[in-house]
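Listed below are the residues making up each chain.
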2 protein chains.
Amino acid sequence: MRQQILVEATRLFAARGFDGTSLQDLADAVGIRKPSLLYHFNSKAELRRGVLEELLSHWQDVLPRLLLAATSGLRRFDAITRELVTFFTDSPDRARLLVREALDRPVELRASIVDNVSPWVKVVCDNIRAGQKQGMIHPDVDPEAYVTHVIALVISSVATFDTVGAVMHAGDDAQAQRARHVAELLRVARSSLFRPRERADDDNETTTLTSADHQAR
Amino acid sequence: MRQQILVEATRLFAARGFDGTSLQDLADAVGIRKPSLLYHFNSKAELRRGVLEELLSHWQDVLPRLLLAATSGLRRFDAITRELVTFFTDSPDRARLLVREALDRPVELRASIVDNVSPWVKVVCDNIRAGQKQGMIHPDVDPEAYVTHVIALVISSVATFDTVGAVMHAGDDAQAQRARHVAELLRVARSSLFRPRERADDDNETTTLTSADHQAR
DNA sequence: CCTACCGATCGGTAGG
DNA sequence: CCTACCGATCGGTAGG
């Protein structure tokens, strides 16, 4: 039951916001009475905490695994961005929820980022700086700012695709549009990070990344 | 008075959201009684319309001027992205308001985009395609998706900087952090669009863009 | 632009 | 997990 409440709460908070969702709305969606919700979660604020906790807990396991894996360079870049993109495209509600939280409670989310995300971002940034010394990565990349932008871009693109996707061709079907959207996102992130290689050694780098995106769907 | 109400409404809707702001909150901020608000705006929904209308009206004049100006290539790219960035950094409430609207009313905002934004995006995309034929722009850029991402990145970066900026160095002052953040945003947008030039003809392209950003502050 | 007021809904509690 | 209920606040109206 608790889990079922969290599922519906996630859906409703993402769609209408925390203030735009009443306990009555949520009770109706779950199929129970309003006071029964407050048996599982003592207050509406606790419900918010529960929803957010479940969202963030996913990365507690995944991030360390990705970052401590014995890969490097483009390979690692692929693994991390792919994980980031699939996590949010799998269920765009996660992206909408995070954006709403950033707007509604900037101070609290900022504290949570400092505690849980910053240490891992630092690892990624150290990797980028190493890549810059090796000459693989553009020397004028600002690592912290770059990582921030890529994360913000993935999350906000997914969160607002239904709205912003309006500028894309109406002819294509929605599936194809999403695929194009994600493919371009990955291209922007990659091409602004890695230096173009001098030699024309064709090992299908671009193709690998694009097909990875298609697997994600 | 009407203008003063719109100013406070913009501030409060951006900070707490439409559903998170009561007419009482707004009346207190303006310094009048609640029913007096409803003399100027017949309903809360009309207030939302008024706030959004004022926000979008800015582009009605600026966009055509920028796009029909007799410049091209990197020069035009600079002018457009600079306008986009300064508009939102001048008052981040605009960015927060648009993101909230995208989340709260996707269908309505989508319609407004199709009517007011899409035609201009098409002009930019035609420019990009022309640049691709000339070889100035990466051939694998997806124009519609690229433009969408740059707009989304600018808006969401500004909207969530207070939260997401937590990953950047705590040592620097806030002003410097914002400048770094914006500079990297412009670098990502530019370097993922333009092809690297073969010859080393140093005409300070990068410096121009970066100092333009500093003017914006 | 104000005072006075309204029905509906809000999050939450008592008690079983 | 339910019924019954509460004070506070919501957007909005009447009337001046």
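Right above here is the structure, for reference.
A. Summary view of the overall build of chain A. Of regular secondary structure, chain A possesses 12 helices and zero strands. Of the regular secondary structure in chain A, the N- to C-terminal order runs α-α-α-α-α-α-α-α-α-α-α-α. Taken along the three principal axes of its C-alpha coordinates, chain A extends 65 × 45 × 25 Å. Expressed as a percentage of its 217 residues, the buried residues of chain A come to 48%. Carbon together with sulfur atoms contributes 53% to the accessible area of chain A, which is approximately 10800 Å² in total. Distance from the positive charge centre (28 side chains) to the negative charge centre (30 side chains) of chain A: 2 Å.

B. How the structure looks around the side chain of His181(B). Along the polypeptide, His181(B) turns up in helix H11 (residues 174-191). Assessed through its relative accessible area of 4%, His181(B) is described here as buried. Setting aside residues up to four positions removed in sequence, His181(B) forms contacts with Ala145(A), Thr148(A), His149(A), Ser157(B), Phe161(B) and Met168(B).

C. Structural view of the relation of the copies chain B and chain A. After a rotation of 180° and a shift along the axis of 0.0 Å, chain B superposes on chain A with an RMSD of 0.0 Å. Taken together, the rotation and translation describe the operation of a two-fold axis. In this assembly the copies share their binding face: 100% of the residues contributing to the interface of chain B also contribute to that of chain A.

D. Quick look at the protein's contact with DNA strand D. Close contacts around DNA strand D come from 16 residues, with Met1(A), Arg33(A), Ser36(A), Lys34(B) and Lys44(B) the closest. Take the atoms of DNA strand D that sit within 4 Å of the protein: sugar and phosphate atoms are 55% of them. A distance of 3.3 Å separates a phosphate oxygen of DNA strand D from a polar side-chain atom of His40(A). Within the side chain of Ser22(B), a nitrogen or oxygen atom sits 3.1 Å from a phosphate oxygen of DNA strand D.

E. Spotlight on the interface of chain B and chain A. The partner chain A presents 50 residues to the 50 residues of chain B that form the contact. The interface formed by chain B and chain A includes six salt bridges. A salt bridge links Arg180(B) to Asp142(A), with the shortest nitrogen-to-oxygen separation between them at 2.6 Å. Here chain B is connected to chain A by 23 residue pairs in polar contact (both at pLDDT 80 or more). Secondary-structure elements contributing two or more residues to the side of chain B that touches chain A are helix H1 (2-16), helix H6 (92-104), helix H7 (106-116), helix H8 (118-134), helix H9 (143-159), helix H10 (161-164) and H11 of chain B. Counting residues per element, the side of chain B that touches chain A draws most heavily on H9(B), at 10 residues. Of the residues in the side of chain B that touches chain A, the class split is 23 nonpolar, 14 polar and 13 charged.

F. Molecular detail of the protein's contact with DNA strand C. If you check the shell around DNA strand C, you find 16 residues, and the closest are Leu23(A), Lys44(A), Met1(B), Arg33(B) and Ser36(B). Considering the 4 Å shell around the protein, atoms of DNA strand C inside it are sugar or phosphate in 55% of instances. Between DNA strand C and His40(B) there is a distance of 3.3 Å, counted from a phosphate oxygen to a side-chain nitrogen or oxygen. Residue assignment for the surface near DNA strand C shows that the elements contributing at least two residues are helix H2 (23-30) and helix H3 (34-40) of chain A together with helix H3 (34-40) of chain B. With four residues, H3(B) is the largest single contributor of residues to the surface near DNA strand C. Split into classes, the residues belonging to the surface near DNA strand C amount to seven nonpolar, six polar and three charged.

G. View of the pattern of salt bridges. If you walk through the whole model with that rule in mind, you get 28 salt bridges over all chains. Note that Arg129(A) and Glu144(A) form a salt bridge whose closest N and O atoms lie 3.1 Å from each other. Residue Arg129(A) is located in helix H8 (residues 118-134), and its partner Glu144(A) is located in helix H9 (residues 143-159); the two are separated by 15 residues in the primary sequence. Arg129(A) gets classed as partly exposed once you look at its relative accessible area, which sits at 33%. Taken together, the salt bridges that share partners define one network made up of Lys122(A), Asp126(A), Arg129(A), Asp142(A), Glu144(A) and Arg180(B).

H. Molecular detail of the environment of Ala69(B). Residues and elements named next belong to chain B. As for its placement among the helices and strands, Ala69 is situated in the loop between helix H4 (44-68) and helix H5 (73-90). When its relative accessible area of 30% is taken as the criterion, Ala69 is described as partly exposed. Residues Ala69 and Ala111, 42 residues apart in the sequence, show an inter-C-alpha distance of 27 Å.

I. Focus on the environment of Val62(B). Residues and elements named next belong to chain B. For Val62, the location among the structural elements is in helix H4. On the basis of relative accessible area, Val62 is assigned to the buried category, the value being 9%. Between the C-alpha atoms of Val62 and Arg48, which are 14 residues apart in sequence, the distance is 23 Å.

Here is what the cut-offs are and how they apply
Residues numbered from 1 in each chain as written. Chains lettered and ligands numbered in written order. Predicted model: local features only at pLDDT ≥ 70, side-chain atom pairs only at ≥ 80, totals over all residues. Heavy atoms only, no water. Helix = DSSP H or I, 4+ residues; strand = E, 2+ residues; numbered from the N terminus. Buried < 20%, exposed > 50% of the residue type's maximum accessible area, 1.4 Å probe, protein only. Areas by Shrake-Rupley, 256 points an atom, 1.4 Å probe, with all protein chains shown as cover. Lys, Arg positive; Asp, Glu negative; His and termini not counted. Charge placed at Lys NZ, Arg CZ, Asp CG, Glu CD. Contact = heavy atoms within 4.5 Å. Least-squares fit on C-alpha atoms with pLDDT ≥ 70 in both. Near = heavy atom within 4 Å. Polar contact = N/O pair within 3.5 Å; in protein donor to acceptor, adjacent residues only side chain to side chain. Salt bridge = Lys/Arg side-chain N within 4 Å of Asp/Glu carboxyl O. Nonpolar A, V, L, I, M, F, W, Y, C, P; charged D, E, K, R; others polar.

Distances and angles like these do not, on their own, reveal function.
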